[in-house]
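# Reading the structure
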Amino acid sequence: MTEILVHDATDGAIVTAQRVVEHPAWPVLKDAVEEIRPWQSKDGSIDFEAEGAPSPAVVERVLDRVTGAVEELSPLLPHDAAYHRALVTDLRRWAADGFRVPDFLDSLLAFQPAKDRTDGLQHLVVFAMYTQNGNPDRNLEAVVLRMVWPDWLADLEANRYDNPLFCGITFEDFTAGYDTHSAVLFPETIAVREAPERFSWGGIFCDREAARFRRVTEASVDLLGLELPDDIREMIGDQQRCEQAFVLWDMVHDRTHSHGDLPFDPFMIKQRQPFWMYGLEELRCDLTAFKEAVKLESEGNPHGRDVQYAVLFDRLFRFPVSGERVRNYDGLGGQLLFAYLHKHDVVRWTDNTLKIDWDRAPEVTNQLCGEIEQLYRDGIDRPKLVHWFAAYDLVSTYLAPHPGSRWAKGPDALDLTLPPRKLVDDVLPDEFPLSMFYEALAKKLKRVIASAKGITAANDERAAA
């Protein structure tokens, strides 16, 4: 069986460990989890009164296979020993409580992957959780992953982009909740009795991001007739280069949520705001990564240019046409970037062919980043509602609002006696509809984007080749 190098958590020595997914206990664990998942309700509990539900004794026997497999696999991963012990305890307590809403707080607190980001380090993760952009229910899931932390990235994090909680990760194998479009492992998705005061890690699967990016970008370039510079075409054809670009992009993006002139709590998801506010925040973080990539390229860093075009192409091609048209804030950010570049003559759609001014693209993209940063700086001195309108004005300068929008008609069209959070109800689900360009592109890319469900480097034929 294949072996990989890992750290021994007991003395810091390098030891040789078998790949978890090649151990006989892994398919046992995976099959048992998959057997339990359909019995669970949305909150993770099991309703034994439901039609076709098994008896508690049957579920307990299957759960025993889960805990037994975890205990058999845990010695391969000494750095996760405390987590696996807590996990088995949480699983057994779930059974003892009659399989009510599961609680994995103790095992979540014991799982500390950011404390050792050794490149290639394996982790076996089992939680009841939902998967962002994947399964909305808190089902039991199992995933084997490995850390992505090459020396050059560790050096940038230590000396330039401090982000001690960020984990770049790749898939080894997973249960059904990750056979989806989900590319993250976030602690806030896990079923717990109460949220911890703060989270100590966050993981993003750069292999899925890279494989999906390559598939969608190649299709978009072909559909739009875009001519690429040789080095960018080579990057899109190279899975490893794309993974490196994404892990750097993600690391800078993630830290940006807490850096800069922020007029609000950076954890915006806790607040009720119009979805264009979330769109601008995510775009700001991506454009900050782009801006830093321009600096890195000027300093001779080989990953700088790759990050720039990973950001541009993912934002221009995939983001606007992915997901539903209901408060799609990432889609909105992609539309805004395209419209901004189009109005500044960096991208041109002429004779059914897309052209990009490669020389001006970095400067003008950074210009949009500057406009969003100025909006944020000014927002520190504004009331919340005034700031929301200023953000709306920025977006609507480049994107046409829906003709029926109340917000587009200005403050006089809204009941300003209501608190700001109530005025969010007046935001249309699709406040900024797709342009005709993106409507056509969405139809042509629909199957390609759907085909990227569950994609990884291992199951993408081109990546594997």
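Just so it is clear, the structure is predicted and the values come from calculations on it, not from any experiment. (Residues numbered from 1 in each chain as written. Predicted model: local features only at pLDDT ≥ 70, side-chain atom pairs only at ≥ 80, totals over all residues. Heavy atoms only, no water.)

### Comments concerning the pattern of salt bridges
Applying the stated rule across the entire model yields 31 salt bridges. In this structure, Asp103 engages Arg93 in a salt bridge whose closest nitrogen and oxygen atoms are separated by 3.7 Å. Taken together, the residues span a long stretch of sequence, with Asp103 in the loop between helix H3 (81-96) and helix H4 (105-110) and Arg93 in helix H3 at a distance of 10 residues. Residue Asp103 is classed as buried on the basis of its relative accessible area, which comes to 15%. Salt-bridge contacts for Glu157 lead to Arg117; the nearest nitrogen and oxygen are separated by 3.3 Å. Within this pair, whereas Glu157 is found in helix H5 (residues 151-159), its partner Arg117 is found in the loop between H4 and strand S3 (122-129), the two being separated by 40 residues in sequence. When sorted by exposure, Glu157 lands in the same class as Arg117, which is buried. A cluster of three or more residues bridged by salt bridges with shared partners is formed by Asp90, Arg93, Asp103, Asp106 and Arg193. (Salt bridge = Lys/Arg side-chain N within 4 Å of Asp/Glu carboxyl O. Helix = DSSP H or I, 4+ residues; strand = E, 2+ residues; numbered from the N terminus. Buried < 20%, exposed > 50% of the residue type's maximum accessible area, 1.4 Å probe, protein only.)

### Observations regarding the packing of aromatic side chains
In the structure shown here, the tally under the stated rule is 31 aromatic pairs. Both rings, one in Trp276 and one in Trp407, keep their centres 5.0 Å apart while their planes meet at 75°; by these two values the pair is edge-to-face. Of this pair, Trp276 sits in helix H9 (residues 275-298) while Trp407 sits in the loop between helix H13 (384-398) and helix H14 (420-423), and the two are 131 residues apart along the sequence. Using a relative accessible area of 0% as the deciding quantity, one classes Trp276 as buried. Residue classification places Trp407 among the buried residues on the basis of a relative accessible area of 1%. Taken together, the ring pairs connect Phe275, Trp276, Trp388, Phe389, Tyr392, Trp407 and Phe432 into an aromatic cluster. (Phe/Tyr/Trp six-rings, centres within 6.5 Å; stacked < 30°, edge-to-face > 60°.)

### Some details on the packing of H9 against helix H10 (residues 304-318)
What describes two packed helices is the angle between their axes and the distance between those same axes. Their axes nearest at 7 Å, the elements H9 and H10 cross at an angle of 150°. With respect to H10, the element H9 is oriented roughly antiparallel. In terms of crossing hand, the pair formed by H9 and H10 is left-handed. Counting all contacts with H9, which are made through Glu282, Leu283, Asp286, Ala289, Phe290, Ala293, Val294, Leu296 and Glu297, the residues of H10 involved are Gly304, Arg305, Val307, Gln308, Val311, Leu312 and Arg315. A breakdown of the residues in the contact of H9 with H10 according to their chemical character gives nine nonpolar, two polar and five charged. (Axes fitted to C-alpha atoms, helices over the stretch in contact; angles between N-to-C directions. Parallel < 35°, antiparallel > 145°, perpendicular 65-115°, else oblique. Left-handed = near helix turned anticlockwise from the far one by under 90°. Contact = heavy atoms within 4.5 Å. Nonpolar A, V, L, I, M, F, W, Y, C, P; charged D, E, K, R; others polar.)

### Quick look at the side chain of Thr365
Note on placement: Thr365 falls in helix H12 (residues 361-379). With near-sequence residues (within four places) excluded, Thr365 lies in contact with Leu287, Phe290, Leu312, Leu337 and Leu341.

### Here's the deal with the environment of Met251
With respect to the element layout, Met251 can be found in helix H8 (residues 239-256). For the pair formed by Met251 and His79, sequence separation is 172 residues and the distance between their alpha carbons is 23 Å. Setting aside chain neighbours within four positions, we find Met251 in contact with Trp149, Leu153, Leu156, Glu157, Tyr161, Asn163 and Phe166.

### A closer look at the pairing of strand S8 (residues 347-350)
Judged from the four bridges that link them, S8 and strand S9 (residues 353-356) form a sheet pairing that is antiparallel. When the sheet's bridge partners are listed, Trp349 is paired in S9 with Leu354. The antiparallel pairing of S8 with S9 creates a hairpin that spans two residues between the two strands, and Asp351 there sits at a positive phi of about 55°. (Pairing = 2+ DSSP bridges.)

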